[in-house]
Amino acid sequence: MLAGTSIFCFAASYAVALLLEGSRLFFRSGVRGAILLGFGAAGFFDHTIFLVYRASSEPMPLASEFDWYLVAAWLLAAVYLYLTLHFPRTASGLFTLPLILGLVAVAAKFANRQPFAQTKASQFWGTIHGTFVLLGTVAVLVGFVAGLMHLVQSYRLKHKLPAAQGFQLPSLEWLERTNSRATIFSALALAVGFVSGLLLNLVNRSERPGESLPWNDPVISSSGALLAWMVAAALFSIFYRPARQGRKVAYLTVASFLFLAAVLGYQLAAPTVHGEGKEPRQGDKETRGQGDHAHIPLSPCLLVSLSRSFAANVAPTWYVVSNEGCA
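Residues numbered from 1 in each chain as written. Predicted model: local features only at pLDDT ≥ 70, side-chain atom pairs only at ≥ 80, totals over all residues. Heavy atoms only, no water.

**Topic: the nonpolar core**
Note the following rule: Here, nonpolar core refers to any group of buried Ala, Val, Leu, Ile, Met, Phe, Trp, Tyr and Cys residues whose side-chain atoms link them within 4.5 Å. Buried, partly exposed and exposed residues are distinguished by accessible area as a fraction of the type maximum, computed with a 1.4 Å probe on protein chains only: under 20%, between the cut-offs, and over 50%, respectively. Working definition: helices are DSSP H or I runs of at least four residues, strands are E runs of at least two. Numbering for both runs from the N terminus. Residue contacts are counted whenever heavy atoms from the two residues lie within 4.5 Å of one another.
Formed by 53 residues in total, the largest nonpolar core has its most connected members in Tyr-69, Leu-70 and Ile-100. Secondary-structure elements contributing two or more residues to this core are helix H1 (2-22), helix H2 (32-57), helix H3 (65-86), helix H4 (93-109), helix H5 (120-158), helix H6 (172-207), helix H7 (218-239) and helix H8 (246-269). Among the elements that take part in this core, H3 stands out by supplying 11 residues, more than any other. With sequence-adjacent residues up to four places away left out, Ile-100 is seen in contact with Tyr-14, Ala-73, Leu-76, Ala-77 and Tyr-80.

**Regarding the packing of aromatic side chains**
This is how it is decided: For Phe, Tyr and Trp, rings pair up if their centres lie within 6.5 Å, where Trp contributes its six-membered ring, and each pair is then called stacked (planes under 30 degrees apart), edge-to-face (over 60) or tilted (otherwise). Two limits define a charge over a ring: the Lys NZ or Arg CZ must be within 6 Å of the ring centre, and within 35 degrees of the ring normal.
Tallied over the entire structure, the rule returns eight aromatic pairs. Seen in terms of ring centroids, Trp-229 and Phe-259 are 5.5 Å apart; in terms of plane orientation they differ by 15°. Their pairing is stacked. In this pair, Trp-229 is assigned in helix H7 and Phe-259 in helix H8, connecting sequence segments 30 residues apart. The exposure class assigned to Phe-259 is partly exposed, which follows from its relative accessible area of 27%. Feature note: the residues Phe-10, Tyr-14, Phe-50 and Phe-66 constitute an aromatic cluster, connected by ring pairs. The ring of Phe-27 carries Arg-32 above its face, with NZ or CZ at 5.1 Å from the centroid. Over the face of the ring belonging to Phe-66 we find Arg-113, whose NZ or CZ atom lies 4.1 Å from the ring centre.

**Details of the side chain of Thr-84**
The topology assignment puts Thr-84 in helix H3. The exposure class of Thr-84 is buried, given its relative accessible area of 10%. Ignoring sequence-local partners within four residues, the contact set of Thr-84 consists of Leu-36, Leu-37 and Ser-92.

**Remarks on the packing of H7 against H8**
Let me state the cut-off plainly: Axis definition: a line fitted to C-alpha atoms, over the contacting stretch in the case of helices. Angles run 0 to 180 degrees between N-to-C directions. These descriptions rest on fixed angle ranges, namely under 35 degrees for roughly parallel, over 145 for roughly antiparallel, 65 to 115 for roughly perpendicular, and the rest for oblique. Residues are sorted three ways: Asp, Glu, Lys and Arg are charged, Ala, Val, Leu, Ile, Met, Phe, Trp, Tyr, Cys and Pro are nonpolar, and all the rest, Gly among them, are polar.
Orientation of H7 relative to H8, taken along the N-to-C sense of each, is 175°, at an axis distance of 10 Å. Judged by the angle between their axes, H7 and H8 are roughly antiparallel. In this structure, H7 contributes Pro-218, Val-219, Ser-222, Ser-223, Ala-225, Leu-226, Trp-229, Met-230, Ala-233, Phe-236 and Ser-237 to the contact, and H8 contributes Leu-252, Ala-255, Ser-256, Phe-259, Leu-260, Val-263, Tyr-266 and Gln-267. A per-class count over the contact of H7 with H8 returns 14 nonpolar, five polar and no charged.

**A word on the environment of Leu-25**
Along the polypeptide, Leu-25 turns up in the loop between H1 and H2. Along the sequence, Leu-25 and Ala-91 sit 66 residues apart, while their C-alpha atoms lie 9.4 Å from each other.

**Some thoughts on the pattern of salt bridges**
What counts, and what does not: When a carboxyl oxygen of Asp or Glu lies within 4 Å of a side-chain nitrogen of Lys or Arg, that pair is called a salt bridge.
Scanning the entire structure with this criterion turns up two salt bridges. Between Glu-21 and Arg-24 there is a salt bridge, with its nearest N and O atoms 2.7 Å apart. Exposure remark for Arg-24: the relative accessible area of 9% places this residue in the buried category. Arg-54 serves as the salt-bridge partner of Asp-67, at 2.9 Å between the closest nitrogen and oxygen. Of this pair, Asp-67 sits in helix H3 while Arg-54 sits in helix H2; the two residues are 13 residues apart in sequence, bridging distant segments of the chain. When its relative accessible area of 11% is taken as the criterion, Arg-54 is described as buried.

Such coordinate-based values are descriptive only and should not be taken to indicate function.
Given below as structure tokens:
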């Protein structure tokens, strides 16, 4: 009940911010920017408090598929707030907020909330694995946003269309640099995440053989395919200079996002032996529709070291407020 209420609170704030972003296309307002930023910041604050509470209430903080999607949405929300503050006249929220709400929806409706058990020896590689896969995934999403904006902006300039009221976008040069850097950074981060995941699986094989993944598991094969694509895209961007300019770089980041979405969807649907035999927690069957298998995304364990002392002071008060509603 606590998780459902708080998810509704920050998702509703993001949804209102998206509606305000869309209103740019229809009318001008002198106070809309402040209201929009207020709703975005309120959603980000509620989102942060929810993650802090989750981290403080679990033996392994933020170590489930459910948490992984919410942390990815949280990082993307931070990017949205940065763009809104530094480029207040650009309509970046029309591209980033739908992705944020999509990640939250996947977490609430499809992701498994069962955390994955770990031993002390595997925590090191689990931390590296989860952190770098998460950063690589968010970099792909940022590149996708920049790619879409680049395609829209280039189409408008090519056809000499006047800028729509309230619909301004960054320059093509800035978008090209962002696309290229996002592609290279995501490939590097996913490479570190994939290799550390393999090492984590080797550690689990020696310490907890029943919880290790076979090398042909869908999670490993699909993650390897995604890494191969991202490395190829990064090399193409580095050594083929025209790929860093014009619409080619935008097409590359959009294709990377589609590949990432296909991999995540496959990992949500495909059965994996990881977690078999564990008793699902109450609420897992309602969340996923079936609780006898633990399906994991690119990161089987995301360990975020948040301050428990801070959570101990904030969480009890927030618990009371969240159960009274979002007012």
